[in-house]
Amino acid sequence: MSVDTRVNLGGLQLKNPILTASGTFGYGLEFAQFGHLKELGGIVVKGLSLKPRQGNPCPRIVETPCGMLNAIGLQNIGIENFLKYKLPYLPFQETAIVVNLYAQSEEEFAALASLLKKEEGIAALEVNISCPNVKQGGIQFGQNPVLAAKVIEGVKKNAGTKPVIVKLSPNVTDIKEIAKAVIDAGADILSLINTLGGMAVDIWTRKPALKNVFGGLSGPAIKPIALKMVYEVCSNFNVPVIGIGGISCIEDVLEFMLVGAGAVQVGSANFKRPSLSFELVHQLPEIMRKLGISGFQEWIGRLKT
Ligand SMILES: Cc1cc2nc3c(=O)[nH]c(=O)nc-3n(C[C@H](O)[C@H](O)[C@H](O)COP(=O)(O)O)c2cc1C
C-alpha cells in the first residue's frame, strides 16, 4: 500500500507532519550530525528577538520526573545574526524553516514580522506569546485575549504572505478564550502547548533548583494536558493546529493527530534522543500502513467519542 505523508496546514505545505519545537533543536544546524535536516517536515528555530539576548543566569535547566523544567529566558543570537549566519546554511528549499519570534511589545513583534516577510528561506512565523520564563513580554500577551489579539493584528499586517502561527500557553483558565481572540485577529495556524509554570527545590541547599526560581515544565509529564488542549481547540474552531507537548514516540504523534492536530512538534525529547525527530519521520509509512490509512486526511480529527 503506498502512503502519502504530506500535510497541508491552511496553505503551509509540509512533506510530513514532524517538526521540531522551538528551543529544543537549536537553529537546526546543531542537529545535522544526527540525521538529514531536509527529511523533516519542518524546523522551528530557537525564539529570536530583534537584538541578541543572554537569557537567565544558570542553573536554568533541571530534570523532573517524566520531564524537565527550564528557565532559559530566551537566550538567542538576534534576528539579524540568524538571517546572516544560520539561515543560508539550512536546507530551506527542502524543509519548512519556521522562525519563532519573541518580543517585549506589539511594536517589536510587528518589526520582526516586517523584517522577515521578504525572506524566501522562511516558510512561516511562529509568534511566541507564551514564554513563562521572561519578565517582560511572553506570557503576559498569551494570558490576555485583548493584548494577544493586538500582537497578532500587528504581526499579520506586517508579515506579507507568510503564514502566522500563534503559539499558545497552557497557563490559562480556558484555552478556547485565547484561541478565539487570536483566530479573530488573523492567526493562520495555532501551535500548542508551550511549557507549564513549575518549580523544583533542593532541600540540601534549601534553594530553588533554578536560579530564576520558576521555570517551564515540559516532556512526557505534560502530554495529557497538551492532548486535552489540542482536542478542545480543534473541536471548537476551524483552524489548523500543530500539537506540542511530551511527544516522544510515533504513537504520540498519531494521538495528537487523531484529536485534530494537522502536524506536531517534538520538543524536550530531542535532548534525550537527538535523532528522534528523524526516526519518527522514517517510522511514518509503516505505522500508516498498520493503521490502514494512505494519507493523514483519513486520520486527522477522526477520534471516536
Ligand atoms: C529548553 C527549552 C527551551 C525552549 N525555548 C522556547 C522558545 O524559545 N520559544 C518557544 O516558543 N518555546 C520554547 N520552548 C517550548 C517548547 O518549544 C515546547 O513548546 C515545550 O517544551 C513543550 O513540548 P515538549 O514537552 O515536547 O518539550 C522551550 C522548551 C525547552 C525545554
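As shown above, the structure is provided for reference.
Now for a description of the structure that goes with this document. These numbers come from a predicted model, not from an experiment.

Side note on the side chain of Asn-100
Structurally, Asn-100 can be placed in strand S7 (residues 96–101). One polar contact links Asn-100 to Glu-126, side chain to side chain, over a distance of 2.7 Å. In contact with Asn-100, other than residues within four places in its own chain, are Ser-22, Val-44, Val-45, Lys-46, Gly-47, Leu-48, Glu-126, Asn-128 and Lys-167.

A few points about the environment of Ile-225
Positionally, Ile-225 belongs in helix H6 (residues 223–236). According to the relative accessible area criterion, Ile-225 is partly exposed, its value standing at 35%. Expressed as a C-alpha distance, the spacing of Ile-225 and Gly-41, which sit 184 residues apart in the sequence, is 24 Å. In this view, Ile-225 contacts Ile-193 and Leu-196; residues no more than four positions away in its chain are not counted.

Topic: the site of the ligand
Taken together, 25 residues form the shell around the ligand, and within it Ser-22, Lys-167, Gly-219, Gly-246 and Ser-268 come nearest. Backbone polar atom of Ile-193 to an oxygen atom of the ligand: 3.0 Å apart, as the coordinates give it. The separation between an oxygen atom of the ligand and a polar main-chain atom of Gly-267 is 3.2 Å. Starting from 610 Å² of accessible surface for the ligand in isolation, the protein chains cover 97%. For the shell around the ligand, the residue count by class is 8 nonpolar, 15 polar and 2 charged.

A closer look at the pairing of strand S11 (residues 196–199)
On S11, burial follows the alternation: Leu-196 and Gly-198 on one face are buried, whereas Gly-197 and Met-199 on the facing-out side are not. Bridging between S11 and strand S14 (residues 214–218) involves 4 bridges; their strand directions are antiparallel. Its bridge partner being in S14, Leu-196 is matched across the sheet by Leu-217.

Considerations on the packing of helix H5 (residues 175–184) against H6
Look at H5 against H6: their axes get within 10 Å of each other, and the N-to-C directions meet at 50 degrees. Between H5 and H6, the crossing angle belongs to the class labelled oblique. At the point where H5 passes H6, the crossing takes the right-handed sense. Facing H5, whose interface residues are Ile-175, Lys-176 and Ala-179, H6 presents Met-229, Glu-232, Val-233 and Asn-236. Split by residue class, the contact of H5 with H6 holds 4 nonpolar, 1 polar and 2 charged.

Things to note about the sheet that holds strand S6 (residues 67–70)
Here 4 strands make up an open sheet; going across it, the order is S5-S6-S14-S11 and the pairing antiparallel. In this open sheet, the two strands that pair with only one neighbour each are strand S5 (61–64) and S11. In this sheet, neighbouring strand axes are inclined to one another by 40 degrees on average, regardless of whether the strands run parallel or antiparallel. Sheet topology note: the S5/S6 ladder contains 4 bridges and is antiparallel. Each residue of the ladder has a partner; that of Val-62, found in S6, is Leu-69.

Conventions and cut-offs
Residues numbered from 1 in each chain as written. Predicted model: local features only at pLDDT ≥ 70, side-chain atom pairs only at ≥ 80, totals over all residues. Heavy atoms only, no water. Helix = DSSP H or I, 4+ residues; strand = E, 2+ residues; numbered from the N terminus. Polar contact = N/O pair within 3.5 Å; in protein donor to acceptor, adjacent residues only side chain to side chain. Contact = heavy atoms within 4.5 Å. Buried < 20%, exposed > 50% of the residue type's maximum accessible area, 1.4 Å probe, protein only. Near = heavy atom within 4 Å. Areas by Shrake-Rupley, 256 points an atom, 1.4 Å probe, with all protein chains shown as cover. Nonpolar A, V, L, I, M, F, W, Y, C, P; charged D, E, K, R; others polar. Pairing = 2+ DSSP bridges. Axes fitted to C-alpha atoms, helices over the stretch in contact; angles between N-to-C directions. Parallel < 35°, antiparallel > 145°, perpendicular 65-115°, else oblique. Left-handed = near helix turned anticlockwise from the far one by under 90°.

Remember, this is a structural readout, not a statement about activity or role.
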